[in-house]
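A look at the structure
Next come the chains, spelled out residue by residue.
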Amino acid sequence: MCLRSARPPRWADDRFVPRSHGFASTLFNQSKLSCVLVTGGAGFIGSALVRHLVRETDVTVVNVDALTYAANPDSLQEALHHRRHHLERIDICDAAALQAVFQRYRPQVVVHLAAESHVDRSIAAPAAFVRTNVVGTSTLLEVAREHWQGMHGEARQAFRFHHVSTDEVFGSLGSQGAFDETSPYRPNSPYAASKAASDHLVRAWHRTYGLPVVTSNCSNNYGPCQFPEKLIPLVILRALAGESLPVYGDGQQVRDWLYVEDHARALHTVLTRGQVGATYCIGGRAERTNLEVIQAVCAVLDRLRPDPQGSYARLVRYVADRPGHDRRYAIDPSHIERELGWQPQESFDSGIEKTVRWYLDNPQWVDRVQSGAYRQWLEQNYANRPSPT
């Protein structure tokens, strides 16, 4: 059962039946797709998409990434030096640099993943989130619009701008219901607010200028190559180091977990088969409390890398909750399942197993991302956080 609002749904007039605005709203012709530009393609979800496109298709992938702290070219693995992959170190707020890349490669599809995405960082320094997620998105939209308006015929009809967003823009759920494509926006953190603003900009460029867009909102991702400020890799690495495992508040906050490679497959499906003007909610149907997630990671570690001192769960420590911490997220992915035929291939249990094994098997990747700046952030965010009263 989905949570419904008494108000008209967001984008109510074109959520499922998009307006054409002078271009076809039919499915993308995959046989003519030769170049995809991915922003944020050295980040966690972006690198998974780039790897997928290089492995599973014949398209050229132009990877635009500023290579800030959470981006890592090592995450691209075999795609990094592949002949169909081109990494361009560019800040999406730099319009001139973006224009040069568009002119050089002439992409037919843009998949916009570049974003500041860590809620705790957004609370500590919100301006960076406004700059990248709002100003950067508007800059990219304008460059993409100029590029699209300079195209002709079938190329112009086929162009797509796929904006990748989050379920956090919808706010917090009660104990029942799930977000879907009609859920109203109620962002509660600076991160969520900045992503909501970017969603609205994409809608505006579609309705005002006719830019052929599609938007997807995903649930919490996890899997290989995730920067260790996020919950699951944080728990894996701190447990292996024998450090405390911080749990915000009572640990009963619920998230819907999606294995990142399932998300990459969903993004590929949306960019090739999604309808112009539509939104697709992508979730893993895997709700777990934060405490359950931590316990699941500890159980896999206990089996794969047992600690002579006992279960890793002994390291759990409760700390003061995050300000404005949303209680529950959940996504109903029925629309993308029904309309586009996508479903997650990994269960939560199989995905956690694969994720823990990957971190155990890739210590060099971990060593390179755990820079001094990252360790300083951990100290700032967790070491001095008081226990809940």
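To start, this report covers the structure provided alongside it. Since this is a predicted model, take the numbers as computed values, not measurements.

1. Quick notes on the overall build of the chain
Scanning the chain from N- to C-terminus turns up 13 helices and 12 strands. For the chain, the proportion of its 389 residues judged to be buried stands at 58%. Contacts in the chain between residues at least 24 apart in sequence constitute 83% of all its contacts with a sequence separation of at least 6. Total accessible area computed for the chain in this model is approximately 15,900 Å², and 49% of it derives from carbon and sulfur atoms.

2. Digging into the sheet that holds strand β11 (residues 287-289)
The 3 strands lie next to each other as β7-β9-β11, forming an open sheet whose pairing is mixed. The sheet is open, and its two borders are formed by β7 (220-222) and β11, each paired with just one other strand. Mean inter-strand twist for the sheet, computed between neighbouring axes without regard to direction, equals 50 degrees. Strand direction decides the pairing type here: β7 and strand β9 (residues 254-259), joined by 3 bridges, are parallel. Counterpart to Asn220 in the pairing with β9 is Trp257.

3. Here's the deal with the pairing of strand β6 (residues 213-218)
Counting buried positions over the 6 residues of β6 gives 6, a clear majority of the element. Of the two faces of β6, both are covered, the one formed by Val213, Thr215 and Asn217 as well as the one formed by Val214, Ser216 and Cys218. For strand β5 (residues 160-166) and β6, the ladder comprises 6 bridges, and the chain directions are parallel. When the sheet's bridge partners are listed, His162 is paired in β6 with Val214. The parallel pair β5 and β6, bridged by helix α6 (residues 190-209), forms a crossover whose chirality is right-handed. Across 4 bridges, β6 lies against strand β10 (residues 279-282) in parallel orientation. Bridging from a neighbouring strand, Ser216 pairs with Tyr280 of β10.

4. What about helix α8 (residues 260-273)?
For α8, built from 14 residues, the straight-helix expectation of 20 Å at 1.5 Å per residue is met to within 8% by its first-to-last C-alpha distance of 20 Å. Of all 14 residues in α8, 11 are buried, a share of seventy percent or more. If you check which residues of α8 are buried, you get Val260, Asp262, His263, Ala264, Ala266, Leu267, His268, Thr269, Val270, Leu271 and Thr272.

5. Let's talk about the nonpolar core
The nonpolar side chains of a soluble globular protein tend to be buried, and buried together. Counting 33 residues, the largest nonpolar core has Val36, Val38, Val111, Leu113, Ile282 and Ile336 as the members making the most contacts within it. Breaking this core down by element, the ones donating at least two residues are β1 (35-39), α1 (44-56), β4 (109-112), β6, α8, β10 and α10 (334-340). No other element matches the 7 residues that α1 contributes to this core. What Ile336 contacts, discounting residues up to four positions off in sequence, is Ala266, Val270, Tyr280, Cys281, Ile282, Gly341 and Trp342. Formed by 32 residues, the second largest nonpolar core is a distinct cluster that contains Leu291, Cys298, Leu360 and Val366.

6. Thoughts on the environment of Val119
By the secondary structure assignment, Val119 is in helix α3 (residues 119-124). A residue is classified by how much of its surface remains accessible, and Val119, at 8% relative accessible area, is buried. For the pair Val119 and Phe129, spaced 10 residues apart in sequence, the C-alpha to C-alpha distance is 9.7 Å.

7. So, the sheet that holds β6
Pairing within the open sheet is parallel, and its 7 strands lie in the order β3-β2-β1-β4-β5-β6-β10. Because the sheet does not close on itself, it has two edges, and the strands there are β3 (85-89) and β10. Going across the sheet, the axis of each strand differs from the next one's by a mean of 20 degrees, ignoring polarity.

8. Some thoughts on α6
Here α6 is 20 residues long and its end C-alpha atoms lie 28 Å apart, about the 28 Å a rise of 1.5 Å per residue gives. Among all positions of α6, only Tyr191, Ala192, Ser194, Lys195, Ala196, Ser198, Asp199, Val202, Trp205 and His206 are buried. Next to the buried residues of α6 lie α3, α4 (126-149), β5 and β6. Looking at the residues trailing α6, positive phi occurs at Gly210, about 80 degrees.

9. As for the side chain of Glu229
Structurally, the position occupied by Glu229 is in the loop between β7 and α7 (231-240). Within the structure, Glu229 has its side chain in polar contact with the side chain of Arg121 (distance 2.6 Å).

10. What to know about the packing of helix α9 (residues 290-304) against helix α11 (residues 348-361)
Remark: α9 packs on α11, axes separated minimally by 10 Å, with the N-to-C direction vectors making an angle of 55 degrees. Relative to α11, the element α9 lies oblique. Like other packed secondary-structure pairs, α9 and α11 cross with a definite hand, here right-handed. Between α9 and α11, the residues in contact are Val293, Ala296, Val297, Val300, Leu301, Arg303 and Leu304 and Phe348, Ile352, Glu353, Val356, Arg357 and Leu360, respectively. Classifying every residue of the contact of α9 with α11 by side-chain character gives 10 nonpolar, no polar and 3 charged.

11. Some points on unusual backbone geometry
Its identity is not glycine, yet Leu67 carries a phi of approximately 55 degrees, on the positive side. Turning to its location among the elements, Leu67 is positioned in the loop between β2 (60-65) and β3. Of the residues examined, Leu67 reaches a relative accessible area of 22% and is grouped as partly exposed. Within the chain, Arg106 stands out as a residue other than glycine whose phi angle is a positive 50 degrees. Among the secondary structure elements, Arg106 is positioned in the loop between α2 (95-105) and β4. Using a relative accessible area of 42% as the deciding quantity, one classes Arg106 as partly exposed.

Quick notes on the rules
- Residues numbered from 1 in each chain as written.
- Predicted model: local features only at pLDDT ≥ 70, side-chain atom pairs only at ≥ 80, totals over all residues.
- Heavy atoms only, no water.
- Helix = DSSP H or I, 4+ residues; strand = E, 2+ residues; numbered from the N terminus.
- Buried < 20%, exposed > 50% of the residue type's maximum accessible area, 1.4 Å probe, protein only.
- Contact = heavy atoms within 4.5 Å.
- Areas by Shrake-Rupley, 256 points an atom, 1.4 Å probe, with all protein chains shown as cover.
- Pairing = 2+ DSSP bridges.
- Axes fitted to C-alpha atoms, helices over the stretch in contact; angles between N-to-C directions.
- Right-handed = clockwise from strand over helix to strand, strands pointing away.
- Expected span 1.5 Å × (residues − 1).
- Core = buried A, V, L, I, M, F, W, Y, C linked by side-chain atoms within 4.5 Å.
- Polar contact = N/O pair within 3.5 Å; in protein donor to acceptor, adjacent residues only side chain to side chain.
- Parallel < 35°, antiparallel > 145°, perpendicular 65-115°, else oblique.
- Left-handed = near helix turned anticlockwise from the far one by under 90°.
- Nonpolar A, V, L, I, M, F, W, Y, C, P; charged D, E, K, R; others polar.

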